[in-house]
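Next come the chains, spelled out residue by residue.
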Amino acid sequence: MDFRRINGLPPYVFTIIDSLKVESRRAGHDVIDLGFGNPDLPSPDIAVSKLCEAAGNPRNHRYSSSRGIPKLRQAVADLYQRRFGVDLDPETEVINTIGAKEGFSHLMWVLLEAGDAVLVPSPSYPIHLFAPLFAGANVREMPLTSNQDDFFDTLTERFEFSWPRPRVIVLSFPHNPTTTCVDLDFMQRVVDFARERDVVLVHDFAYAELGFDGVKPPSILEAEGAKDVAVEFYSMTKSFSMAGWRMAFMVGNPEVVAALAKLKSYLDYGTFQPIQIAATVTLNEAVDYPVEVGEVYQRRRDALCDGLQRIGWEIEPPRGTMFAWAPIPEQYSHMGSVEFASMLVKDADVAVSPGVGFGPGGEGFVRFALIENEQRINQAVRNLRGSLDKLR
Ligand SMILES: Cc1ncc(COP(=O)(O)O)c(C=O)c1O
């Protein structure tokens, strides 16, 4: 059989490390898993109790609304007003998606056709590269540097030199995997640029609430004129630790919102209504939960980065996300990220993600996800010290 749409996909490199981890655990090793970005913190109690309550009502067992129930969209508009000072019309500027990943993937289908060009940062969260490819588009990568001015120059240059002219620019800050953060001035410059060129901006704001040391990541919609050209994904996965619930939103430009709503009205009936009800109450009432979640990740970041520095592994502490992006120490850099990450599972019982899994621009790095507690992270550092003998 021939599966033309997926035949060209490269093997998912993360599965290599995952299989090694499973093998090691089967052999009795206590592997500390800092690989996959799957949050370990519980969802807010109120989410769970409201879900149970709403699930008991048969009226909530029917098909729900694909765009999201009105109270949920209103809760998102309230959150944007409270957190970012952004006004959103819940009727026309907010849509519920089944996680940011689903929303982003279908949005690419809406915005792009075969042969269209799209600009995507490199390295990238894999779906940012693959969803445009599934839509048949040509991805033009923008190498991401930690300096936002340099990155802005790269973006404008790549845009001007691309043919056909890109129809979409994908952004995502704080950024997975590199942890790069930008400020509102950067967002404003990109919005001004996009308005002049008439190009759609798609900002994946999955780490909206996860800034450290007082960093408050800006929403792209805080930039003046943003709604003319931009949409943004806000997800409850990381900030509210609700990964399995599949609850996210796309907000911003009403034409793009309507276009995604149209496609989704053909494809799905939305998330199970009790989940929508529980999410509504959580957004309205658990407003401080993301702050608590952020504090936990910040303490884990400190444990990891202080520890790595102590054992001679130079790393710049991230200012946001729930990851640390670590250059492979020079003594091991010849190995490449897959071989190095494989060695860490086998010799140190520590699983990390090889940078190349985020595209060729990620080679030379590994990503630590801060999804184990501080004690386990300290243990991971001790394991690394024991096995990375060239650092000594
Ligand atoms: C940049 C980015 N976007 C989206 C997601 C997934 O979000 P969701 O669970 O809402 O699909 C992740 C998860 O790792 C991510 O890093």
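Residues numbered from 1 in each chain as written. Predicted model: local features only at pLDDT ≥ 70, side-chain atom pairs only at ≥ 80, totals over all residues. Heavy atoms only, no water.

If you had to explain the overall build of the protein to someone new, which residues and values would you point to?
When helices and strands are tallied, the protein shows 14 helices and 12 strands. Over its C-alpha atoms, taken along the principal directions, the protein stretches across nearly 60 × 55 × 55 Å. In the protein, which comprises 392 residues, the share counted as buried stands at 56%. Sequence separation of 24 or more characterises 76% of the internal contacts of the protein that already satisfy a separation of 6 or more. Here the protein contributes 39 positively and 52 negatively charged side chains, and the mean placements of these two sets differ by 5 Å. (Helix = DSSP H or I, 4+ residues; strand = E, 2+ residues; numbered from the N terminus. Buried < 20%, exposed > 50% of the residue type's maximum accessible area, 1.4 Å probe, protein only. Contact = heavy atoms within 4.5 Å. Lys, Arg positive; Asp, Glu negative; His and termini not counted. Charge placed at Lys NZ, Arg CZ, Asp CG, Glu CD.)

Outline the sheet that holds strand β12 (residues 365–369), listing residues and values.
In spatial order, the strands read β9-β12-β11; together these 3 strands make up an open sheet with antiparallel pairing. Strands at the two margins of the open sheet, each flanked by one partner only, are β9 (323–327) and β11 (353–354). Sheet topology note: the β11/β12 ladder contains 2 bridges and is antiparallel. Paired with S353 across the bridge in β12 is R367. (Pairing = 2+ DSSP bridges.)

Would you mind going over the nonpolar core in detail, with residue names and values included?
By size, the foremost hydrophobic cluster in this structure holds 99 residues, and its most contacted members are Y80, I169, L201, W313, F340, F368 and L384. Filtering out sequence-adjacent residues up to four positions away, I169 remains in contact with L119, M142, L155, F159, F193, V199, V200, L201 and V202. With 26 residues, the next largest nonpolar core counts L111, A137, V200 and A248 among its residues. (Core = buried A, V, L, I, M, F, W, Y, C linked by side-chain atoms within 4.5 Å.)

Quick one: what's the story with the site of the ligand, residue by residue and with numbers?
The immediate surroundings of the ligand are formed by 13 residues, with A100, D204, Y207, T237 and K238 found nearest. N176 places a polar side-chain atom, nitrogen or oxygen, 2.7 Å from an oxygen atom of the ligand. One of the side-chain nitrogen or oxygen atoms of D204 is found 2.6 Å away from a nitrogen atom of the ligand. For the ligand, the protein covers 93% of the area, taking 400 Å² as the surface of the free molecule. Of all elements in the fold, only α5 (99–111) and α9 (236–239) reach the threshold of two or more residues within the shell around the ligand. Per-element tally for the shell around the ligand: the top contributor is α5, with 3 residues. Looking at the shell around the ligand residue by residue, the classes come out as 4 nonpolar, 5 polar and 4 charged. (Near = heavy atom within 4 Å. Polar contact = N/O pair within 3.5 Å; in protein donor to acceptor, adjacent residues only side chain to side chain. Areas by Shrake-Rupley, 256 points an atom, 1.4 Å probe, with all protein chains shown as cover. Nonpolar A, V, L, I, M, F, W, Y, C, P; charged D, E, K, R; others polar.)

Describe the sheet that holds strand β8 (residues 248–252), naming the residues involved and giving the relevant values.
Spatially, 7 strands are ordered β2-β8-β7-β6-β5-β3-β4 in an open sheet, and the strand pairing comes out mixed. A single partner strand is all that each edge strand has here, and the edge strands are β2 (94–97) and β4 (138–143). The sheet shows a mean angle of 20° between the axes of neighbouring strands, taken without regard to direction. Relative to strand β6 (residues 200–204), strand β5 (residues 168–171) runs parallel, the two sharing 4 bridges. Bridge pairing in β6 places L171 opposite H203. Contacts from helix α7 (residues 148–161) reach β3 (117–122), β4 and β5, with the element oriented near 150° to β4. (Axes fitted to C-alpha atoms, helices over the stretch in contact; angles between N-to-C directions.)

Give me the lowdown on the packing of α5 against helix α6 (residues 126–134), citing residues and values where you can.
Their axes nearest at 8 Å, the elements α5 and α6 cross at an angle of 35°. The way α5 lies across α6 gives a crossing that is right-handed. When α5 is examined against α6, the residues K101, F104, S105 and M108 are found in contact with a partner set consisting of I127, H128, A131 and P132. A per-class count over the contact of α5 with α6 returns 5 nonpolar, 2 polar and 1 charged. (Left-handed = near helix turned anticlockwise from the far one by under 90°.)

An account of α6 is needed here, citing residue identities and associated values.
Buried within α6 we find P126, I127, H128, L129, A131 and P132. Backbone geometry just after α6 places G136 at a positive phi near 90°.

So, the pairing of β3: which residues are in play, and what are the values?
Of all 6 residues in β3, 6 are buried; the element is thus mostly enclosed. Burial along β3 is two-sided: the residues A117, L119 and P121 and V118, V120 and S122 are all buried. Where β3 lies against β4, 6 bridges are found, and the strand directions are parallel. The partner of V120 across the bridge, within β4, is E141. In this region the chain leaves β3, passes through α6 and returns to the parallel neighbour β4; the handedness of that crossover is right-handed. Examined bridge by bridge, β3 and β5 share 2 bridges and lie parallel to one another. The residue of β5 that forms the bridge with V118 is V168. (Right-handed = clockwise from strand over helix to strand, strands pointing away.)

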